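Coordinates in review
Residue strings, one per chain:
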Amino acid sequence: MASVALSEAEKVYIVHGVQEDLRVDGRGCEDYRCVEVETDVVSNTSGSARVKLGHTDILVGVKAEMGTPKLEKPNEGYLEFFVDCSANATPEFEGRGGDDLGTEIANTLYRIFNNKSSVDLKSLCISPREHCWILYVDVLLLECGGNLFDAISIAVKAALFNTRIPKVRVLEDEEGSKDIELSDDPYDCIRLSVENVPCIVTLCKIGYRHVVDATLQEEACSLASLLVSVTSKGVVTCMRKVGKGSLDPESIFEMMETGKRVGKVLHASLQSLLHKEESLGPKRQKVGFLG
Amino acid sequence: MPGDHRRIRGPEESQPPQLYAADEDEAPVARDSTRLRPVYARAGLLSQAKGSAYLEAGGTKVLCAVSGPRQVEGGERGSGPAGAGGEAPAALRGRLLCDFRRAPFSGRRRRAPPGGGEERELALALQEALEPAVRLGRYPRAQLEVSALLLEDGGSALAAALTAASLALADAGIEMYDLVVGCGLSRAPGPAPIWLLDPTLLEEERAAASLTVALMPVLNQVAGLLGSGEGGPTESWAEAVRLGLEGCQRLYPVLQQCLVRAARRRGTAAPP
């Protein structure tokens, strides 16, 4: 990830502040920075979202395309993730530099969606064994300001909420050959239910306490972090330890509880925000990239 | 291997016949959920590697080799900030490069060697679990390469690879704070699911959730944690982590004996 040079004194300042539940920008240990979410920003996609979390800027586009289902799961569609760390985010991502981080984030996304309840894959099936919808979720990292995983998971959830998949019908001829017909109305589409889509909460261990939504400076002071993926009901779908250091078993249990608590609140506010945005209707003023 | 054009060509795509076979419906045998499979571990078996280890747990067979420390050019970043605990500055610390490979015949279906995303992910998990244990500050500007090869996957492959990798590092004489012991767990689907320690391949395939824990037994610090699936509420995951840590503690004496035997072997074989 982007690195930032910190002196010893700055590190000590951050660590001591965190022990007192006071971070550099005045937040508490469990507070998120101000999050801006906007959906439907890219017109050529089936769904898109842009999330700005402090200095971290993520753009996600979802494209629904027809393809053949996987052999082991003939009645389901699937999701494909791709993460591109563009060189705009930080100079370290120039050329192939961002590929490692991109694969790591994509693998984590595959892992958190790798269970039956996150997304209803059966609704993506058109005709078993032959056609299904494949959702290509492409994540673009525009700016890296710490806490990438959280921002990306929020953006993916918002983009999936915004995704509109056209309704198709399969018509069978007398000979048995199948034809796929797209409905005439462009607004006739199926929406995915994102009730159980999880969000990632990264908890960074700094000193004896852990913080949620760490900035780049705080990440530089932390040796180990726990990444927990929580659904809105408090069910954990993925857990991963990140970083060079080790964690005490007791802190892991504490961090899981905090992650669940914070995750539930995050889901509630994201859900209400997405519904509010949708209720503004198609005539709402889009902020886009100029705001 | 590129296509062989002289022989009769088969179809473009081929699938193994097991995919179309009727479901075997082999229910996994009910067993004590805290049993660990007997482990066979041997260190110091490859002559070309600095350190090596072979670990067998049930059907899982993994071979790990360590080479290095090798000097690597890369001091262009100058003196970065010092790590916590007064260790050498970040640019001077050594690097640990891990590689995880599955042999093509290790699973039920043949997998061609560039395994793609999954092997990269497991290699990263190996690296993140081994870094806390290795004293990289003592190997400035050097690089250690750890490569794990899974010969047969019989369940909890990552856990076995972690254990074998730390045995190999110890066998290579790399300075470490402690050994890293890995343990796998899986949770069966169903109304009253329990976490099973050290699952077999069948149990893992039918699992609703799986978890791998890596522990440094003497320091009692968790070095690595990777889990996913429908595990349920946090209490269930916490119970699984506790079970895994207990399993790692039980495995530690076996590994200690293995290293002692390897050291004795090295001592008797040393030329006068």
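Residues numbered from 1 in each chain as written. Chains lettered and ligands numbered in written order. Predicted model: local features only at pLDDT ≥ 70, side-chain atom pairs only at ≥ 80, totals over all residues. Heavy atoms only, no water.

Going by an unreviewed UniProt entry, chain B carries the name Exosome complex component MTR3 and comes from Vicugna pacos. Word for word, the UniProt comment on chain B under Sequence similarities (unreviewed entry) is "Belongs to the RNase PH family." (UniProt positions renumbered as here; feature names shortened; annotations may be inferred.)

If you look chain A up in an unreviewed UniProt entry, it shows as Ribosomal RNA-processing protein 42 from Vicugna pacos. According to the UniProt record, the Sequence similarities (unreviewed entry) comment for chain A reads "Belongs to the RNase PH family."

Our next topic: the interface of chain B and chain A. Taken together, the contact pairs 38 residues of chain B with 35 residues of chain A. Surface buried jointly by chain B and chain A totals about 3,200 Å² across both partners, of which 54% is contributed by carbon and sulfur atoms. Taken together, chain B and chain A are joined by five salt bridges. Between R111 of chain A and E121 of chain B there is a salt bridge, and its shortest N-O distance comes to 2.6 Å. There are 16 residue pairs in polar contact (both at pLDDT 80 or more) connecting chain B and chain A. Elements represented by at least two residues in the side of chain B that touches chain A include exactly α1 (117–130), β8 (209–216), β9 (221–232) and α4 (234–269) of chain B. (Contact = heavy atoms within 4.5 Å. Buried area = accessible area lost by both parts, 1.4 Å probe. Salt bridge = Lys/Arg side-chain N within 4 Å of Asp/Glu carboxyl O. Polar contact = N/O pair within 3.5 Å; in protein donor to acceptor, adjacent residues only side chain to side chain. Helix = DSSP H or I, 4+ residues; strand = E, 2+ residues; numbered from the N terminus.)

Next up on the list: the nonpolar core. V156 and L160 of chain A are the most contacted members of the largest nonpolar core, which has 136 residues in total. Here this core gets twelve residues from one element, more than from any other, and that element is α4 of chain B. Apart from the residues within four sequence positions on either side, L160 of chain A is in contact with V62, L79, F113, L135, L192, V194 and V197 of chain A. By size, the runner-up hydrophobic cluster in this structure holds nine residues, among which are I14, V18, C29 and I206 of chain A. (Core = buried A, V, L, I, M, F, W, Y, C linked by side-chain atoms within 4.5 Å. Buried < 20%, exposed > 50% of the residue type's maximum accessible area, 1.4 Å probe, protein only.)

So, on to helix α2 (residues 157–171) of chain B. Residues and elements named next belong to chain B. Here α2 is 15 residues long and its end C-alpha atoms lie 21 Å apart, about the 21 Å a rise of 1.5 Å per residue gives. Summarising burial for α2: 14 of the 15 residues are buried, a large majority. At the exit of α2 stands G173, carrying a positive phi of roughly 80 degrees. (Expected span 1.5 Å × (residues − 1).)

Our focus in this paragraph is the sheet that holds strand β2 (residues 51–57) of chain B. Residues and elements named next belong to chain B. If you trace the five strands from one edge of the open sheet to the other, you get β1-β2-β3-β5-β4, paired in mixed fashion. The open sheet terminates on both sides in strands that have one partner only, identified here as β1 (39–43) and β4 (95–102). Going from strand to strand, the sheet's axes swing by 15 degrees on average, the running direction of each strand aside. Bridge count between β4 and strand β5 (residues 142–152): eight bridges; the pairing is parallel. Residue pairing for β5: D99 is matched across the bridge by S147. Across the sheet, α2 touches β1, β2, β3 (60–71), β4 and β5, and the angle it forms with β2 is around 150 degrees. Packed on one face of the sheet, α4 meets β1 and β2 and runs near 30 degrees to β1. (Pairing = 2+ DSSP bridges. Axes fitted to C-alpha atoms, helices over the stretch in contact; angles between N-to-C directions.)

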